[in-house]
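Per-entry structural report
For reference, the chains in residue letters:
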Amino acid sequence: MRKMKKLFVIAALCLTGMAAQAQQNLSWGQGPQVASPVVNADNTVTFNMIAPQAQKVEITGDFLPPKKVEFGGNTYDAPGVVDLVKDDKGVWSFTSEPLKPELYTYNMIVDGVKIIDPLNVYNIRDINNLFSVLLVGGDARADLYKVNKVAHGTVSKIWYESPTAGLTRRVTVYTPAGYETSGKEYPVLYLLHGTCCPDPRQPHRPGQG
């Protein structure tokens with residue numbers, strides 16, 4: 001699932017031009033001017049949240065050591081959670097351990113409510129969930145998520161009727177640069193995820209499944 005998540009967001013990151021180590025500063029007005037997240041020289045990452053009225057601010061993400069959770073009689077790994085510390089200006093902060101070059105996702109939790117980082121313009125959607133995105137550069141693998149000076153292909157979203165699933169589904173198709181005018185046939189790689197068949201007695205909405 002982690003690998004599929006990262007394949008899914010490559011196109012989104014290319015479109016947003018995510019290359020800077022310090023994310024865009026979105027704190028306007030006369031309050032504290034801070035950025036979040038900020039990748040430091042030693043690959044630690046500092047996260048900031050302006051929330052002077054909050055009682056508790058936490059962060060959870062796949063850059064933290066996982067925690068064990070019990071569900072249905074089984075034990076699973078879940079993203080870790082740590083507290084941010086508030087200063088006298090109402091800014092909550094946390095600095096991570098040095099992180100390996102990689103693409104990470106995370107959320108803030110403000111008084112029990114999980115949100116994306118309001119100071120970070122980069123986020124992704126996973127079904128009904130939103131995550132903020134953090135890129136720690138430094139090796140060839142991390143560079144795959146950046147916009148590089150190479151020819152870019154086309155990403156298309158196409159709806160189709162699936163007789164097997166009995167619903168309308170969306171497929172994302174990537175074609176390499178020059179495909180449309182090449183006149184050549186290309187090999188195809190299919191990445192499929194599971195789906196459950198809906199109750200035929202219930203109406204179906206586009207995007208379901």
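For every chain, the first residue of the written sequence is number 1, and numbering continues from 1 onward in sequence order. The predicted nature of this model means local features are confined to residues of pLDDT at least 70 and side-chain atom pairs, given and counted, to a pLDDT of 80 or more, with totals for whole chains, interfaces and linings taken over all residues. Processing note: side-chain calculations cover all non-hydrogen atoms of the structure and skip hydrogens and water entirely.

**A look at the environment of Val 150**
Counting from the N terminus, the helices are DSSP H or I runs at least four residues long and the strands are E runs at least two residues long. Of note, Val 150 is situated in the loop between helix H2 (140-143) and strand E13 (154-162). Note: C-alpha distance between Val 150 and Ala 177 (27 residues apart in sequence) is 9.5 Å.

**A word on the sheet that holds strand E2 (residues 45-50)**
Pairing is antiparallel in the open sheet, where four strands are placed in the order E1-E2-E8-E7. The open sheet has two edge strands, strand E1 (38-39) and strand E7 (85-86), and neither has a second partner. Here E2 pairs with strand E8 (residues 91-95) via five bridges, running antiparallel. For Met 49, the partnering residue across the bridge sits in E8 and is Trp 92. One requirement defines pairing of two strands: DSSP has to find at least two bridges between them.

**Things to note about the side chain of Ser 162**
Relative to the assigned elements, Ser 162 resides in strand E13. It only takes one pair of heavy atoms within 4.5 Å for two residues to be counted as in contact. Other than its neighbours up to four places away in sequence, Ser 162 contacts Leu 167 and Arg 169.

**As for unusual backbone geometry**
Following Ser 36, the chain continues into Pro 37 via a peptide bond in cis, with omega recorded as -10°. The topology assignment puts Pro 37 in the loop between helix H1 (2-16) and E1. At Asn 43, a position not held by glycine, the phi torsion is positive, near 70°.

**Re the pattern of salt bridges**
It is possible for side chains bearing opposite charge to pair when their charged atoms get close. Salt bridges, as used here, are contacts in which a Lys or Arg side-chain nitrogen is within 4 Å of a carboxyl oxygen on Asp or Glu. Under the criterion given, the structure shown has three salt bridges. Between Asp 77 and Lys 68 there is a salt bridge, with its nearest N and O atoms 2.7 Å apart. The class for Asp 77 is exposed, based on a relative accessible area of 51%. Only protein chains enter the accessibility calculation, which uses a 1.4 Å probe; a residue is then buried when its area is under 20% of its type maximum, exposed when over 50%, and partly exposed in between. According to the relative accessible area criterion, Lys 68 is exposed, its value standing at 62%. With a shortest N-O distance of 3.6 Å, Lys 146 and Asp 143 are connected by a salt bridge. By relative accessible area, Lys 146 is classed as partly exposed at 22%. On the accessibility criterion, Asp 143 (30% relative accessible area) is partly exposed.

**Concerning the pairing of strand E14 (residues 167-175)**
As defined by bridge partners, E13 adjoins E14 across nine bridges and the pair is classed as antiparallel. Bridge assignment links Thr 154 to a residue of E14, and that residue is Thr 175. What sits between the antiparallel neighbours E13 and E14 is a turn of four residues, in which Gly 166 has the positive phi angle 75°.

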